[in-house]
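Examining the three-dimensional arrangement
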Number of protein chains: 2
Amino acid sequence: MANQLRRLADRPDLCCINTATLGFRLPISVTIDAIARAGFGAITPWRREVESSDAATVSRQIRDAGLNVAAYCRSSFLPAENSVEFFKNLDLNRRALDEAALLGAQSFVMVVGSLVPGSRDLSAVRMQVEEGIRILLEYARSIGVKLALEPLHPMYASDRSCLNTLEQCLDLIDRAETGSDRGPRHLGVALDVYHVWWDPKLTDQVKRAGKDDRILAFHVCDWLASTQDLLMDRGMMGDGVVDIPGIRNTVEDAGYAGVVEVEIFSKRWWSTPIDEVLSIAGERLRTAC
Amino acid sequence: MANQLRRLADRPDLCCINTATLGFRLPISVTIDAIARAGFGAITPWRREVESSDAATVSRQIRDAGLNVAAYCRSSFLPAENSVEFFKNLDLNRRALDEAALLGAQSFVMVVGSLVPGSRDLSAVRMQVEEGIRILLEYARSIGVKLALEPLHPMYASDRSCLNTLEQCLDLIDRAETGSDRGPRHLGVALDVYHVWWDPKLTDQVKRAGKDDRILAFHVCDWLASTQDLLMDRGMMGDGVVDIPGIRNTVEDAGYAGVVEVEIFSKRWWSTPIDEVLSIAGERLRTAC
């Protein structure tokens, strides 16, 4: 099985760092140079970094460093208590989509949000999110940016995302974008092993996603056997229990040809010197993914 | 919708305490009396309590207190590194099934375990677990005890259970127990709102489970909006974000006629006086479930 895997050691262009891995400790210009110097070929920056400068400048800095922009992180949460707030949320996302276009990002990562405070109606928020995605899809299509829906681990279902499985995302996509009559596809998924590794239907749904060319991003980190924190205790690849090469094989076998992107939220790694994080992440891409 | 719900205030016989809620602080005989005194009609004891005494004595104490035994918690983990260990695990479960029969428990709750240390092969462990369930089912049938597979939240997929969705459990059940030709059914599910509330397919799968008469237990607690610990921070019903009445309605509408069982793993509630926990749990069964 593993012999079908692309050899990342020979393909720095496939090795990507999501800047969240570095803990947002440095200005984006410094981060860009560190990532390029460490031998990665691609970067996924976050809005907080780009919006503290401007997208055109950041885009130029990234190209000057010889990097590609894999994706742009991430959407403002969509759910709102009323329609005024909902349309405000859509506007925030349209502005971010404009930045994604300026950056030349392959896709815009959608972490959609979930229950607004005081609500327990998960079905209602899922419908509102689907409506928001349909509206944003029109805009994304008009400016040539792809939306990558990221299913988040079910432990984030109350606060970060009401999209919690790949199957759920693909069902939504099937309803929202009905196919070739709409021209090139602009709606797909961002797959993060941390969020999906447990899913009994993962292999089937990855095949389904690949068949329709819906896999827009592939993120790696690891699930630590004794996870201490719901958000900030993700592991470096190889330190946990996820069969990352197995999942990558399934994803690539389904037709995914994009970068392998390291994204790690972790108190530990966010307090490790950045050059050390980059060096270890590069090594683990070659040996544990 | 909610008007179909059974009125728990009128039905103490439907109100059950899983003794894990009380933190295993007292001898089982004392726990039994406290639960009966607080007005509950049923109890689900744990093996650590029963095995520190003996099942026949505990069974008599429970009847003398006027309580029914809803279920018996829980299975020894099934996965093992080799077949000697695997058969040892099966034997531990057979012994527990004997105790369940002695207690007159409606079902034996199966929390099946997951990856053994050093392994990353979730598919393999799922196959081993299915094999173990098939073997135990034969024994359970022979002594008239029902096995209630409990799908656990995906955040426990590495250590506590490789069964993580209701659909996955029902698929396994369909394969393992093919129907009426085998006589009365002895394989079903224990549904805990904490583990399944996030599932986009919950309503459909509950209907499926109900149609085949597979719902053997229904557990309540709550998911706290800012959960601090993966195991020990479950909420009292009403303190979190789960639409418990909505899920209960779906479950009862699907034909479930058993008890509503309170099970809360929580540092907070385990350090609250037991009579206070029982009083609040009883109140919340009436007002928040």
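Residues numbered from 1 in each chain as written. Chains lettered and ligands numbered in written order. Predicted model: local features only at pLDDT ≥ 70, side-chain atom pairs only at ≥ 80, totals over all residues. Heavy atoms only, no water.

**Let's talk about helix α6 (residues 166-176) of chain A**
Rule in force here: Here's how the labels work: a residue is buried when its accessible area is under 20% of the maximum for its type, exposed when over 50%, partly exposed in between, all with a 1.4 Å probe on protein chains only. Only DSSP runs of H or I with at least four residues qualify as helices, and only runs of E with at least two residues qualify as strands; both kinds are numbered from the N terminus onward.
Among the 11 residues of α6 of chain A, eight are classified as buried, and the element is accordingly described as predominantly covered. Those residues of α6 of chain A not exposed but buried are Leu-166, Glu-167, Gln-168, Cys-169, Leu-170, Leu-172, Ile-173 and Ala-176 of chain A.

**Topic: the layout of surface pockets**
To locate leftover empty space, one rolls a probe as large as a water molecule over the atoms. Counted only if it meets this: Whether a set of points on the 1 Å grid over the protein atoms alone is a cavity depends on a 1.4 Å probe fitting there but being unable to get out, while an open set qualifies as a pocket with protein on both sides within 12 Å along at least five of seven lines; lining residues are those with an atom within 4 Å of a point. Grid points are joined across faces, edges and corners, and a volume is the space filled by probe spheres set on the points. In the scheme used here, Gly and all other residues not listed as nonpolar or charged are polar, with Ala, Val, Leu, Ile, Met, Phe, Trp, Tyr, Cys and Pro taken as nonpolar and Asp, Glu, Lys and Arg as charged.
Space inside the largest pocket adds up to approximately 920 Å³. Along the walls of the largest pocket sit 37 residues, with Ser-123 and Arg-126 of chain A together with Asp-199, Pro-200 and Thr-203 of chain B positioned nearest its centre. Within the residue set of the lining of the largest pocket, elements represented by two or more residues are α5 (122-143) and α6 of chain A together with α8 (202-211) and α9 (244-253) of chain B. Across the lining of the largest pocket, the residue classes tally to 13 nonpolar, eight polar and 16 charged. Considering the residues around the second largest pocket, the lining is formed by 27 residues, among which Asp-199, Pro-200 and Thr-203 of chain A together with Ser-123 and Arg-126 of chain B are closest to the centre. The set of elements that each furnish at least two residues to the lining of the second largest pocket consists of α8 (202-211) and α9 (244-253) of chain A together with α5 (122-143) and α6 (166-176) of chain B. A per-class count over the lining of the second largest pocket returns 10 nonpolar, six polar and 11 charged.

**Here's the deal with the relation of the copies chain A and chain B**
Here is the rule we go by: We superpose the copies by least squares over the C-alpha atoms of residues that have a pLDDT of at least 70 in both of them. The contact criterion used throughout is that any non-hydrogen atoms of two residues lie within 4.5 Å.
The two copies are related by a screw operation: chain A maps onto chain B through 180° of rotation and 0.0 Å of translation along the axis, at an RMSD of 0.0 Å. These values place the two chain copies in the arrangement generated by a two-fold rotation axis. Looking at chain A, 100% of its interface residues are interface residues in chain B too, so the copies touch through the same face.

**Some remarks on the sheet that holds strand β5 (residues 107-110) of chain B**
All names here are of chain B. Convention followed: At least two bridges found by DSSP between two strands are what make those strands a pair.
Ordered by their spatial adjacency, nine strands build an open sheet running β3-β2-β1-β9-β8-β7-β6-β5-β4, and the pairing between neighbours is parallel. Edge positions in the sheet fall to β3 (68-69) and β4 (71-73), since each has one partner strand and no second. Judged from the three bridges that link them, β4 and β5 form a sheet pairing that is parallel. Opposite Ala-71, over in β5, you have Ser-107 as the bridge partner.

**A short note on the sheet that holds strand β7 (residues 187-192) of chain A**
Residue and element names in this part refer to chain A. Using the following cut-off: The axes are straight lines fitted to the C-alpha atoms, using for helices just the contacting stretch, and the angles between their N-to-C directions are given from 0 to 180°.
Spatially, the nine strands line up as an open sheet ordered β3-β2-β1-β9-β8-β7-β6-β5-β4, and their pairing is parallel. Of all strands in the sheet, those with a lone pairing partner are β3 (68-69) and β4 (71-73), marking the two edges. Of the pairings in the sheet, the one linking strand β5 (residues 107-110) to strand β6 (residues 147-149) comprises three bridges and is parallel in character. Bridge pairing links Val-109 to Ala-148 in β6. Packed onto the sheet, α9 meets β7, β8 (215-220) and β9 (260-262) and runs at close to 170° relative to β8.

**Considering the pairing of strand β1 (residues 15-18) of chain A**
Residues and elements named next belong to chain A. A two-sided burial pattern is seen for β1, the buried positions comprising Cys-15 and Ile-17 on one face and Cys-16 and Asn-18 on the other. Inspection of the sheet shows β1 paired to β9 by three bridges, in the parallel sense. Opposite Cys-15, over in β9, you have Val-260 as the bridge partner.

**Some details on α8 of chain B**
All names here are of chain B. If you check which residues of α8 are buried, you get Leu-202, Gln-205, Val-206, Arg-208, Ala-209 and Gly-210. Its buried side turned inward, α8 meets α6, β7 (187-192), α7 (193-196), β8 (215-220) and α9. Backbone geometry just after α8 places Asp-213 at a positive phi near 65°.

**Regarding the pattern of salt bridges**
Note the threshold: A carboxyl oxygen of Asp or Glu within 4 Å of a side-chain nitrogen of Lys or Arg is what we treat as a salt bridge.
Under the defined criterion, the tally for this structure stands at 41 salt bridges over all chains. Connected through shared salt-bridge partners, Glu-138, Arg-141, Glu-177 and Arg-214 of chain A make up one network.

**What to know about the environment of Pro-200 of chain B**
If you trace the backbone, Pro-200 of chain B turns up in the loop between α7 and α8. By relative accessible area, which is 32% here, Pro-200 of chain B ends up partly exposed. For the pair Pro-200 of chain B and Gln-61 of chain B, spaced 139 residues apart in sequence, the C-alpha separation works out to 42 Å. Leaving out residues up to four positions away in the same chain, Pro-200 of chain B has contacts with Arg-126, Thr-165 and Gln-168 of chain A.

**Points about the interface of chain A and chain B**
It is common to give the size of an interface as the accessible area that goes away when the parts come together. What counts here: Here's the idea: put two parts together, see how much 1.4 Å probe accessible area each one loses, and the total over both is what we call buried area. In protein, a polar contact requires one atom able to donate a hydrogen and another able to accept it; more generally it is a pair of N or O atoms within 3.5 Å, and residues adjacent in sequence count only if both atoms are side-chain atoms.
Between chain A and chain B, the contact holds 30 residues from the first and 30 residues from the second. When chain A packs against chain B, close to 2300 Å² is buried across both sides, 63% of that on carbon and sulfur atoms. Three residues stand out in chain A for area buried against chain B, namely Arg-120, Trp-198 and Leu-230 of chain A, and they jointly supply 26% of the buried area on that side. For the interface between chain A and chain B, the tally reads two salt bridges. In this structure, the salt-bridge partner of Lys-201 of chain A is Glu-167 of chain B, at a minimum N-O distance of 3.2 Å. At the boundary of chain A with chain B, the tally comes to eight residue pairs in polar contact (both at pLDDT 80 or more).

**Some points on the environment of Ala-257 of chain A**
Residues and elements named next belong to chain A. Mapped onto the fold, Ala-257 is located in the loop between α9 and β9. On the accessibility criterion, Ala-257 (62% relative accessible area) is exposed. Spatially, the C-alpha atom of Ala-257 lies 25 Å from that of Arg-60, the residues being 197 residues apart in sequence. Residues contacting Ala-257, with those up to four places away along its chain left out, are Arg-6 and Leu-14.

**Quick look at the packing of helix α3 (residues 55-64) of chain A against helix α4 (residues 83-103) of chain A**
For any two helices packed against each other, one specifies the crossing angle of their axes together with the interaxial distance. Residue and element names in this part refer to chain A. Using the following cut-off: An angle below 35 degrees is treated as roughly parallel, one above 145 as roughly antiparallel, one from 65 to 115 as roughly perpendicular, and anything else as oblique. In this scheme, a crossing is called left-handed if the near helix is turned counterclockwise away from the far one by less than a right angle; it is called right-handed if the turn is clockwise.
Between α3 and α4, whose axes approach to 8 Å, the crossing angle comes to 30°. Between α3 and α4, the angle falls in the class roughly parallel. Taken as a pair, α3 and α4 cross one another with a handedness that is right-handed. Of α4, the residues touching α3 (which contributes Ala-55, Ala-56, Val-58, Ser-59 and Arg-63) are Glu-99, Leu-102 and Leu-103.

Interpretation note: all reported values are geometric properties and have no functional meaning in isolation.
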